[in-house]
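# Inside the fold
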Amino acid sequence: MATQTIAAQKTAQSEINYLNHARGLKSWLLTLDHKRIGILYLISVVFFFIVGGILALLIRAELFEPGQTLMTADTYNHIFTLHGAIMIFLFLIPAVPAVLGNFALPIMIGAKDVAFPRLNLASWYIFWLGALTMLVGIVTSGLDTGWTFYTPYSTMTSSGVTWVVLGIFILGFSSILTGLNFIVTVHKMRAPGLTWSRLPLFVWGLYATSIVQILATPVLGITLLLLALERILKIGIFDPALGGDPILFQHFFWFYSHPAVYIMILPAFGVISELIGTFSRKGIFGYKFVALSSVAIAFLGFLVWGHHMFVSGQSATAATVFSLLTFLIGVPTGVKVLNWVASLYRGSIWLRTPLLYALAFLFVFPIGGFTGIALGTLGLDVPLHDTYFVVAHFHYVMVSGGLLAFLGGLHYWWPKMFGRLYNEKLAQIAALLIFVGFNVTFFPQFILGTQGMPRRYFDYVPEFTTLHQLSTVGSWILGLGLLLVAVCLLHSLFKGQLAPANPWGAGTLEWTHTGRLPSPHNFERTPVVTRGPYDYHLAEEIFGNGHGDGGGTPAVIPAQGQAQS
């Protein structure tokens with residue numbers, strides 16, 4: 001490993017890569033390189049994550065004691081709405097597909113770029129146009145509707161609903177164009193020999209996500225456009241006072257927003273598959289089932305929106321059908337989790353930071369999934385519907401699916417993005433703090449919910465004080481862990497040790513067929529694929545110095561059956 005590092009240092013100054021082949025702000029703002037666009041998205045979503053995270057800390061600080069602590073009830077309504085809207089529309093939805101997908105997908109399938117590079121850059125500009133439109137409404141009038149914008153309140157409030165929903169409408173185009181780009185890229189630009197059964201599972205996850213993005217996002221766009229028209233032109237669509245139907249809004253909204261959960265989770269599933277495959281040195285157990293379960297989840301995700309509306313007045317028959325369909329969607333999700341565990345069993349576990357995030361995901365996500373099944377049960381959903389139990393369930397799904405997978409993927413592809421290693425010990429401590437902090441923050445909220453603590457309230461009875469304070473302390477630990485991640489990665493960016501081409505000994509093309517940093521066009525020659533992405537039993541072919549389809553720099557990897565610490 002030391003020899004490789006020294007060799008990498010000698011060649012680092014002279015190599016032409018995607019970061020140094022063009023310099024200056026203009027070269028970044030007009031770039032058509034998918035890798036640079038991924039970095040632009042990374043800077044964007046991290047900025048919005050910091051804003052959303054600070055708002056979350058303010059929410060927990062207010063709830064540290066009963067009564068007014070830091071802010072008024074009206075300010076609290078604005079803060080928790082902004083936290084939800086920013087985290088969902090400006091971080092969770094774009095984070096994994098736009099950042100990690102843009103950077104890795106074309107290289108993983110042996111392509112020089114995405115199918116439509118100009119459209120890809122336009123997506124990033126549209127993302128910022130939508131974000132700035134949202135900010136206009138937030139800064140000028142605030143937002144106090146909750147991120148769901150339920151009518152009729154959202155049609156009559158004086159806060160900046162019109163600007164914010166128009167911003168989300170614009171953001172939808174960014175999401176659709178990215179999904180369209182990925183689907184065409186996967187269909188038309190795969191390297192010779194890269195059949196569907198040899199696709200990395202991250203690519204499968206992005207492919208299924210793109211289908212949902214294209215089919216579901218227009219529904220949200222139309223819904224929010226109708227809401228804006230109702231506020232501006234007073235057309236009776238959702239407001240009963242104007243002859244509209246508020247339940248219609250909920251149907252439209254959740255027809256998109258439940259599949260949107262899978263826009264956030266499906267690419268996260270793909271990341272977890274990559275991490276488990278690489279750091280267990282073992283093929284993914286039941287590869288085809290894991291791959292096709294992503295498509296099954298994408299399809300079933302369109303059929304379960306009604307479970308958000310058990311208390312909204314739908315018929316008993318409809319509620320029963322949606323309840324059964326909710327149970328059904330747990331099957332492909334369970335297939336994934338069981339296959340990941342089976343993949344780890346008797347693998348050569350290499351306990352590095354990305355795998356720690358994957359293991360945290362395997363602990364946290366099933367809790368979110370099982371509590372989701374509980375909420376899909378009619379008898380349990382009715383008493384728990386508007387309580388903190390739902391808040392805890394939502395965060396166990398979204399934070400594990402979105403944040404943990406994003407952090408795991410970011411640490412995994414970081415050496416390929418920036419050509420530098422990070423402090424492994426510091427990164428592991430940060431991962432541990434995030435895991436502990438997250439559970440201390442949100443697990444007490446399950447208990448609060450079962451005891452009747454309503455969600456979205458800025459005050460509570462004294463009996464709930466201890467659990468709320470425990471939750472707030474957990475948020476401080478979680479914030480400290482995230483701060484440590486920032487310190488670790490920023491230190492790596494400027495002072496980190498130069499990374500070899502394949503520091504993890506991974507088997508996918510972005511590691512085996514590119515240098516320390518990818519060249520502007522990714523490959524010197526188009527790779528020819530003759531094996532699957534996790535065929536570690538073909539180690540000679542993967543790391544064979546140009547033999548077979550493994551032309552990348554050899555890496556030090558543990559032998560099968562030999563665990564590393």
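To start, this report covers the structure provided alongside it. (Residues numbered from 1 in each chain as written. Predicted model: local features only at pLDDT ≥ 70, side-chain atom pairs only at ≥ 80, totals over all residues. Heavy atoms only, no water.)

### Brief notes about unusual backbone geometry
- For the peptide bond that leads from T151 to P152, omega is 5°, which places it in the cis range.
- Of note in this structure, R281 is not a glycine but carries a positive phi near 50°.
- Within the fold, R281 resides in the loop between helix 9 (246-279) and helix 10 (287-300).
- Here R456, not a glycine, exhibits a phi torsion of approximately 70°, which is positive. (Helix = DSSP H or I, 4+ residues; strand = E, 2+ residues; numbered from the N terminus.)

### Remarks on the pattern of salt bridges
- Applying the stated criterion across every chain yields a total of two salt bridges.
- One salt bridge connects K35 with D33, and the closest N-O pair in it is separated by 3.0 Å.
- In this structure K35 comes out as buried when scored by relative accessible area, which is 0%.
- Between D386 and R455 there is a salt bridge, with the nearest N and O atoms lying 3.1 Å from each other. Within this pair, whereas D386 is found in the loop between helix 13 (378-384) and helix 14 (388-418), its partner R455 is found in the loop between helix 15 (424-450) and helix 16 (465-495), the two being separated by 69 residues in sequence.
- Taking relative accessible area as the criterion, D386 reaches 48% and is therefore assigned partly exposed. (Salt bridge = Lys/Arg side-chain N within 4 Å of Asp/Glu carboxyl O. Buried < 20%, exposed > 50% of the residue type's maximum accessible area, 1.4 Å probe, protein only.)

### Considerations on the packing of helix 4 (residues 73-108) against helix 7 (residues 161-188)
- Running from amino to carboxyl end, helix 4 crosses helix 7 at an angle of 25°, the nearest separation of the two axes being 11 Å. On the basis of their axis angle, the class for helix 4 and helix 7 is roughly parallel. Relative to helix 7, helix 4 is oriented so that their crossing is left-handed. Residues F89, L90, I93, P97, G101, N102 and L105 of helix 4 pack against I168, L171, S175, F182, T185 and V186 of helix 7.
- Partitioning the contact of helix 4 with helix 7 into residue classes produces nine nonpolar, four polar and no charged. (Axes fitted to C-alpha atoms, helices over the stretch in contact; angles between N-to-C directions. Parallel < 35°, antiparallel > 145°, perpendicular 65-115°, else oblique. Left-handed = near helix turned anticlockwise from the far one by under 90°. Contact = heavy atoms within 4.5 Å. Nonpolar A, V, L, I, M, F, W, Y, C, P; charged D, E, K, R; others polar.)

### Quick look at the nonpolar core
- In terms of nonpolar packing, the biggest core is built from 166 residues, with F89, F149 and F406 touching the most fellow members.
- The element best represented in this core is helix 4, accounting for 22 residues.
- In contact with F89, other than residues within four places in its own chain, are P94, F127, W147, F149, I168, L171 and L220. (Core = buried A, V, L, I, M, F, W, Y, C linked by side-chain atoms within 4.5 Å.)

### A closer look at the environment of G532
- In this structure, G532 sits in the loop between helix 17 (509-512) and helix 18 (539-542).
- The sequence separation of G532 and A73 amounts to 459 residues, and the corresponding C-alpha distance is 56 Å.

### A few points about the packing of aromatic side chains
- The full count for this structure, using the stated rule, is 47 aromatic pairs.
- Joined through ring pairs, the aromatic side chains of F202, F279, W350, Y412, W413, Y422, W504 and W511 make up one cluster.
- Here the guanidinium or amino end of R36 rests over the ring plane of W28, the centre of that ring lying 4.2 Å away. (Phe/Tyr/Trp six-rings, centres within 6.5 Å; stacked < 30°, edge-to-face > 60°. Lys NZ or Arg CZ within 6 Å of the ring centre and 35° of its normal.)

### A word on the side chain of T157
- Residue placement: T157 occurs in the loop between helix 6 (153-156) and helix 7.
- In this structure T157 comes out as buried when scored by relative accessible area, which is 8%.

### Quick word on a nonpolar patch on the surface
- Together, V46, I50, I54, L58 and L70 make up a nonpolar patch on the protein surface, roughly 410 Å² of accessible area in all.
- Position of I50 relative to the elements: it lies in helix 3 (residues 34-62).
- Look at I50 and you get partly exposed, because its relative accessible area is 48%. (Patch = residues over 30% accessible without salt bridge, like charges linked within 9 Å, V, L, I, M, F, W, Y side chains within 5 Å. Areas by Shrake-Rupley, 256 points an atom, 1.4 Å probe, with all protein chains shown as cover.)

### A closer look at the packing of helix 9 against helix 14
- Packing of helix 9 against helix 14 leaves a shortest axis separation of 8 Å and a crossing angle of 45°. Between helix 9 and helix 14, the interaxial angle falls into the category oblique. Crossing geometry of helix 9 relative to helix 14 is assigned as left-handed. Judged by residue contacts, V261, M264, I265, A268, V271, I272, E274, L275, T278 and F279 of helix 9 engage V397, M398, G401, A405, G408, G409, Y412 and W413 from helix 14.
- Of the residues assigned to the contact of helix 9 with helix 14, the class counts are 13 nonpolar, four polar and one charged.

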